[in-house]
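# A closer look at the structure
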Amino acid sequence: MPVMRIGNGYDIHRLVPGRTLIIGGVTIPYERGLLGHSDADVLTHAIMDALLGALALGDIGHYFPPTDPAWRGADSLVLLAQVNKLLMERGYQVSNLDSVIVAEAPRMKPHLPAMQLKLGQVLGIAPDQIGIKATTQEGLGPIGQGEAICAYAVVLLEKCSMDN
Ligand code: MG
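Just so you know, these numbers come straight off a predicted model, no measurement behind them. (Residues numbered from 1 in each chain as written. Predicted model: local features only at pLDDT ≥ 70, side-chain atom pairs only at ≥ 80, totals over all residues. Heavy atoms only, no water.)

### Description of the coordination of the magnesium ion
For a metal with four donors in a tetrahedral arrangement, the ideal angle between donors is 109.5 degrees, while six donors in an octahedron ideally sit at 90 or 180 degrees. Those protein atoms acting as donors to the magnesium ion are Asp11 (OD), His13 (NE2) and His45 (ND1), and they sit at 2.1 to 2.2 Å. Read from N- to C-terminus, the donor residues coordinating the magnesium ion fall into the pattern D-x1-H-x31-H. (Donors = N, O, S within 2.8 Å, 3.2 Å for Na, K, Ca; no water.)

What follows is the structure in structure tokens.
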């Protein structure tokens, strides 16, 4: 009888000039990027929170506090690998995940397959286990005005060993 756990995550970052736009580990050419202590990869952060939440392990702010200089400019895929290690230590692996990026611009769709590949490499799963969808906010609110990008993620974990 497989033991399964579900988790959900959310994140938002402000879009500002002078930053590189990195989402799902992919650098996307754009005139602005997301502001944050790390690389501000909003999708990867939402996924990390979903993974931690599935095992009631807290949130990414607990493991990678924005006050810690060690995470300044950090590659969020490296942080994701650390979170994945926490799951593996507890005998869990990702069964699948699904996510949504909400951005008015730039267009995300051309970059989604590369994001699936990058995230899959870190999590040790296939691209078809990683759902990534993109939508706009129809011009409404701060996201619709292009001031920020947010992301939502849901993950399902399955226990692959009974050792823990
Ligand atoms: Mg974040």
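### Observations regarding unusual backbone geometry
In this chain, Ala105 is followed by Pro106 through a cis amide linkage whose omega measures -5°. With respect to the helices, strands and loops of the structure, Pro106 is situated in the loop between strand E5 (92-102) and helix H4 (112-123). Look at Ala40: it is not a glycine, yet its phi comes out positive at around 65°. When you line up the elements, Ala40 lands in the loop between strand E4 (32-34) and helix H1 (42-54). Its identity as a non-glycine residue notwithstanding, Ala56 has a phi of 55°, on the positive side. Mapped onto the elements, Ala56 comes out in the loop between H1 and helix H2 (60-63). (Helix = DSSP H or I, 4+ residues; strand = E, 2+ residues; numbered from the N terminus.)

### Points about H4
For H4, with 12 residues, the first-to-last C-alpha span of 16 Å sits near the 16 Å given by 1.5 Å per residue. By the burial criterion, the buried members of H4 are Leu112, Met115, Leu119, Gly120 and Leu123. Each buried residue of H4 lies within a common arc of 125° when the element is viewed along its axis, so the set occupies one face. Those residues of H4 that are buried lie in contact with strand E2 (22-23), strand E3 (26-27), H1, helix H3 (76-89), E5 and strand E6 (130-135). Just beyond H4, the residue with positive phi is Gly124, at close to 70°. (Expected span 1.5 Å × (residues − 1). Buried < 20%, exposed > 50% of the residue type's maximum accessible area, 1.4 Å probe, protein only. Arc of directions from axis to C-beta. Contact = heavy atoms within 4.5 Å.)

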